[in-house]
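Results of the structural survey
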Amino acid sequence: MERGADALFPVELSLLVGFASLLIVGPLGVGIAWLQASRRHRLSGLVDVLVMLPMALPPSVVGFFLVWVLGRRGAVGRALEWLGIRVVFTPWAAIIASSVVALPVLVKAAQPAMEAVPRELIVIGRSLGLSPLEVFRRIVLRASWRGVVTGLVLAFVRGIGEFGATLMVAGNIPGRTNTMTIEIWSAYQSGDDDRALLYVAVLTALGLAAVLTASRIAPRRGAPL
């Protein structure tokens, strides 16, 4: 079994990936949730499909699309390589993969909470001269914070638990891209059950903590805003 720094690296990397992806997904997911909740625009259906697609597709398919876009053959990958930036098989690839799979979790937790905000409060806020950003910050977020925080918590734990897409786009490079989920797979393949159980225990504890936290703060029907 790995010891010391080698054993801690997958834990540290997974937490780094989780928090970094949350920095990306947080503003983006909350913004999309408010866009979808506030008005039925022409692209509403398309946005729903694009947001939910990573949840419907197998992780390996999500990973393939990411490699296709970010790899040397992809337009984005070629542009980044021309700038001297490589994403595939780096920790950045793991962050992107986690962000893609975590985004739907946040949006689908935050959107119903925002849709439940009484329209009268928003109308009153606008009538008082509040800007759209102030209405969002002072009225919508205050009224829907439980759903938003629940989504953030679940998105974080979903991000650190990502495996298939991460393996495809980031690979399994010891000391560089080996997250906890990848280490579990690698340890299982090599018959090192003790090493696998270490990361299983950490991920189980994080998942349990996230579920308990989400269950305590999630919006409840009939509860005051």
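What counts, and at which threshold
- Residues numbered from 1 in each chain as written.
- Predicted model: local features only at pLDDT ≥ 70, side-chain atom pairs only at ≥ 80, totals over all residues.
- Heavy atoms only, no water.
- Helix = DSSP H or I, 4+ residues; strand = E, 2+ residues; numbered from the N terminus.
- Buried < 20%, exposed > 50% of the residue type's maximum accessible area, 1.4 Å probe, protein only.
- Polar contact = N/O pair within 3.5 Å; in protein donor to acceptor, adjacent residues only side chain to side chain.
- Contact = heavy atoms within 4.5 Å.
- Core = buried A, V, L, I, M, F, W, Y, C linked by side-chain atoms within 4.5 Å.
- Salt bridge = Lys/Arg side-chain N within 4 Å of Asp/Glu carboxyl O.

A look at unusual backbone geometry
Positive phi, close to 65°, is recorded for Phe 89, a residue that is not glycine. Mapped onto the secondary structure, Phe 89 falls in the loop between α4 (75-82) and α5 (91-115). Classification of Phe 89 as partly exposed rests on a relative accessible area of 35%.

Observations regarding the side chain of Ser 98
On the secondary structure map, Ser 98 appears in helix α5. According to the relative accessible area criterion, Ser 98 is buried, its value standing at 1%. Of note is the side chain of Ser 98, whose polar atom sits 2.9 Å from the backbone oxygen of Gly 159. Not counting residues up to four positions away in its chain, the partners in contact with Ser 98 are Val 17, Ser 21, Gly 159, Glu 162 and Thr 166.

As for the nonpolar core
In terms of nonpolar packing, the biggest core is built from 23 residues, with Trp 34, Met 114 and Ile 122 touching the most fellow members. Secondary-structure elements contributing two or more residues to this core are α1 (4-38), α5 and α7 (132-160). At 7 residues, α7 tops the list of elements feeding residues into this core. For Trp 34, the contacting residues outside a window of four places in its chain are Met 114, Arg 119, Ile 122, Phe 136 and Val 140.

Structural notes on the pattern of salt bridges
For the coordinates displayed, the defined rule picks out 5 salt bridges. Measuring nitrogen to oxygen at the nearest pair gives 3.2 Å for the salt bridge that ties Lys 108 to Asp 48. Of this pair, Lys 108 sits in helix α5 while Asp 48 is found in helix α2 (residues 44-56), placing the two residues 60 residues apart along the sequence. According to the relative accessible area criterion, Asp 48 is partly exposed, its value standing at 21%. Arg 195 is the salt-bridge partner of Asp 192, the closest N and O atoms lying 3.4 Å from each other. Members of the salt-bridge network, linked through shared partners, are Glu 183, Asp 192 and Arg 195.

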